[in-house]
Amino acid sequence: MKALVLLLPVLAHAQVVQVKGVGTTSYTAELSQAVKEKAYQIAQVAAVERYFAENGEAESQNFDSIQDKIESNLDKFILSTTVLSEQDQSSLKKYSVAVRVELNVAKLRNTLRSSSAVSKAGNSEKSQLVYLFMGREVSSVRSFDARVVKRIEASGKVQETNNRTTRGSEGESISDTSIGTSASRKSTQNLSSNASMKVEAGGSTTQKADDVSYRLLPMSNVKTAITSVFSQGGFNVAEPEFVLSDKDFKSVNQDYSAGSDLAPPTLRAVVMSLKKSQVPLLVLATLDVGAPAQDPATGMQRVAVTVTGRVLDVSGNLPREVASVPAVQYFGIGPDNATAMNKGLKDAALAAAREVASRLNASGVR
């Protein structure tokens, strides 16, 4: 028997949803009723495919596995269909129709579950799930001023030219009674000077990342819903308290209070606990709650919740990632902050659980 540990969070989907689809078909002679009906059916199938595509890659892959069943039994999955528009491109011999359909989501998911690998496995072969929910919100943020380093480089150049010329003459005259002398001197001096200076200024700025601390939030109100998602998906669900030790729980809480990942020693300890309990799958996920704000449409409080997750297979010598849930944001709306936050946490947690189950089914994990 396989088992799976889920350190994660989850979202609820309505059992009946509305979605649009467009169908286009070609004709040779004239537009007939048969051509219209064909385009109508194509539009219905496109609406179902659009629903799966909007719910993630794994859901889209699961649609491929049951597309034939859907196309042959559209009436079972579509409760009603409304034609929104029609277009006949007679010059191109093409006819298009846009529809809005009401999907029976419960019937679709039941069909998916019956087609998955886990549903075809015996009870002893089904994966056993153990889950943890890591909901959290920012408790404190420590910001650092930017470190600024300034540097100035200066260089100068001075050029000086000095030219000096001196000229002189002497004379002497002698008469009978006297001797006379004379002298003259002429001096010329030219002085020129040129100076230049070049200054370069620069520097660098270093910004240190914020130091963020988180406060963990209770997730017990979604525990039953999470268990239901995996149970309906054909997995055997077990309580995490019977797999992880008290020390494991304490280390996990400390790590997720300080950052977004488990520290290597914590992860190794958790993996060892799973191996002892023969649990091969570990699901790590976080639900980060944002600051509340007023919803512009309703005027009520709105809280954003961002969920991320990954699934590790720890059955081998070294753990390996077999599925992941990329960061997706959900919103909870309520009359006050607490109600909006709880709604957002529940929706995000259920969405993560469904995405994990879909990805595991698409990967053939059972």
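To be clear, the structure that these remarks concern was listed above.
Residues numbered from 1 in each chain as written. Predicted model: local features only at pLDDT ≥ 70, side-chain atom pairs only at ≥ 80, totals over all residues. Heavy atoms only, no water.

> In this structure, what is going on with the pairing of strand 2 (residues 16-26)? I would like to understand it.
Side chains Val17, Val19, Gly21, Gly23 and Thr25 project from strand 2 onto a buried face, and the interleaved Val16, Gln18, Lys20, Val22, Thr24 and Ser26 project onto a face without burial. Of the strand pairs in this sheet, strand 2 and strand 4 (residues 94-104) are connected by 11 bridges, and their pairing is antiparallel. By the bridge assignment for strand 4, Ser26 is matched with Lys94. (Buried < 20%, exposed > 50% of the residue type's maximum accessible area, 1.4 Å probe, protein only. Helix = DSSP H or I, 4+ residues; strand = E, 2+ residues; numbered from the N terminus. Pairing = 2+ DSSP bridges.)

> When you look at the side chain of Thr266 in this model, what are you seeing that I'm missing?
Within the secondary structure, Thr266 sits in helix 8 (residues 264-276). Judged by relative accessible area, which is 9%, Thr266 ranks as buried. With residues near it in sequence (within four places) discarded, Thr266 still touches Ser251, Val252 and Asp255. (Contact = heavy atoms within 4.5 Å.)

> Please clarify how the packing of helix 7 (residues 246-258) against helix 8 should be interpreted in this entry.
Relative to each other, helix 7 and helix 8 sit at 145 degrees, their axes nearing to 10 Å. The element helix 7 and its partner helix 8 pack so that their crossing is left-handed. Of the residues in helix 8, those in contact with Asp248, Ser251, Val252 and Asp255 of helix 7 are Thr266, Ala269, Val270 and Ser273. When grouped by side-chain class, the residues that make up the contact of helix 7 with helix 8 number 3 nonpolar, 3 polar and 2 charged. (Axes fitted to C-alpha atoms, helices over the stretch in contact; angles between N-to-C directions. Left-handed = near helix turned anticlockwise from the far one by under 90°. Nonpolar A, V, L, I, M, F, W, Y, C, P; charged D, E, K, R; others polar.)

> Could you clarify how one ought to interpret the pattern of salt bridges in this entry?
Opposite charge on two side chains makes pairing possible when the charged atoms of those side chains draw close. Tallied over the full model, the rule gives 10 salt bridges. In this structure, Arg136 engages Asp288 in a salt bridge whose closest nitrogen and oxygen atoms are separated by 2.4 Å. Here Asp288 lies in strand 11 (residues 281-289) and Arg136 lies in strand 6 (residues 135-142), a separation of 152 residues in the sequence. Here Glu241 and Lys223 are joined by a salt bridge, their closest N and O atoms 3.8 Å apart. In this pair, Glu241 sits in the loop between strand 10 (236-238) and helix 7 while Lys223 sits in helix 6 (residues 223-232), placing the two residues 18 residues apart along the sequence. The exposure class assigned to Glu241 is partly exposed, which follows from its relative accessible area of 45%. Look at the salt bridges and you will find they share partners, linking Lys223, Glu239 and Glu241 into a network. (Salt bridge = Lys/Arg side-chain N within 4 Å of Asp/Glu carboxyl O.)

> Can you walk me through the nonpolar core in this structure?
Soluble globular proteins tend to bury their nonpolar side chains together. Met219, Phe230, Leu287, Val289, Val311, Leu345 and Val356 are the most contacted members of the largest nonpolar core, which totals 31 residues. Taken together, the elements giving at least two residues each to this core come down to strand 5 (127-132), helix 6, strand 11, strand 13 (301-313), strand 14 (320-334) and helix 9 (337-362). Counting residues per element, this core draws most heavily on helix 9, which supplies 11 residues. In this structure, Val17, Val48, Tyr95 and Val105 belong to the second largest nonpolar core, which totals 25 residues. (Core = buried A, V, L, I, M, F, W, Y, C linked by side-chain atoms within 4.5 Å.)

> Can you walk me through unusual backbone geometry in this structure?
As a rule of thumb, non-glycine residues mostly have phi less than zero, and peptide bonds are mostly trans rather than cis. Of note in this structure, Lys93 is not a glycine but carries a positive phi near 60 degrees. For Lys93, the position within the fold is in the loop between strand 3 (78-89) and strand 4. For Gln278, which is not a glycine, the phi torsion comes out positive at approximately 60 degrees. By the secondary structure assignment, Gln278 is in the loop between helix 8 and strand 11.

> For this particular structure, what's the right way to read the packing of aromatic side chains?
All told, the structure shown has 1 aromatic pair when counted by the stated rule. Between Tyr51 and Phe52 the ring centres are 5.5 Å apart and the planes differ by 75 degrees, which places this aromatic pair in the edge-to-face class. Sitting over the ring of Tyr214, Arg136 keeps its end group 3.8 Å from the ring centre. Sitting over the face of the ring of Phe331, Arg302 holds its NZ or CZ atom 4.7 Å from the ring centroid. (Phe/Tyr/Trp six-rings, centres within 6.5 Å; stacked < 30°, edge-to-face > 60°. Lys NZ or Arg CZ within 6 Å of the ring centre and 35° of its normal.)

> Looking at this structure, I do not really get the sheet that holds strand 2. What am I missing?
Strands belonging to one sheet form pairs held by backbone hydrogen bonds; the direction of such a pair is parallel or antiparallel. Read across the open sheet, the 3 strands follow the order 2-4-3; overall the sheet is antiparallel. Each edge of the open sheet carries a strand with a single partner, namely strand 2 and strand 3. Neighbour-to-neighbour, the strand axes of the sheet open up by a mean angle of 15 degrees, direction not taken into account. Here helix 1 (residues 33-54) sits on the sheet and contacts strand 2, strand 3 and strand 4; the angle it forms with strand 2, its principal contact strand, is near 135 degrees. With respect to the sheet, helix 4 (residues 105-115) is in contact with strand 2 and strand 4, its orientation differing from that of strand 4 by roughly 85 degrees.

> Explanation requested: the packing of helix 1 against helix 4 in the structure shown.
Between two packed helices, the angle of one axis relative to the other and the distance separating the axes together describe the packing. Put simply, helix 1 and helix 4 touch, their axes get as near as 13 Å, and they point 75 degrees apart. Classified by the interaxial angle, the pair formed by helix 1 and helix 4 is roughly perpendicular. In this structure, helix 1 uses Val48, Tyr51 and Phe52 to contact helix 4, whose residues at the interface are Val105, Leu108, Arg109 and Leu112. (Parallel < 35°, antiparallel > 145°, perpendicular 65-115°, else oblique.)

Don't take any of this as a statement about function, it's just geometry.
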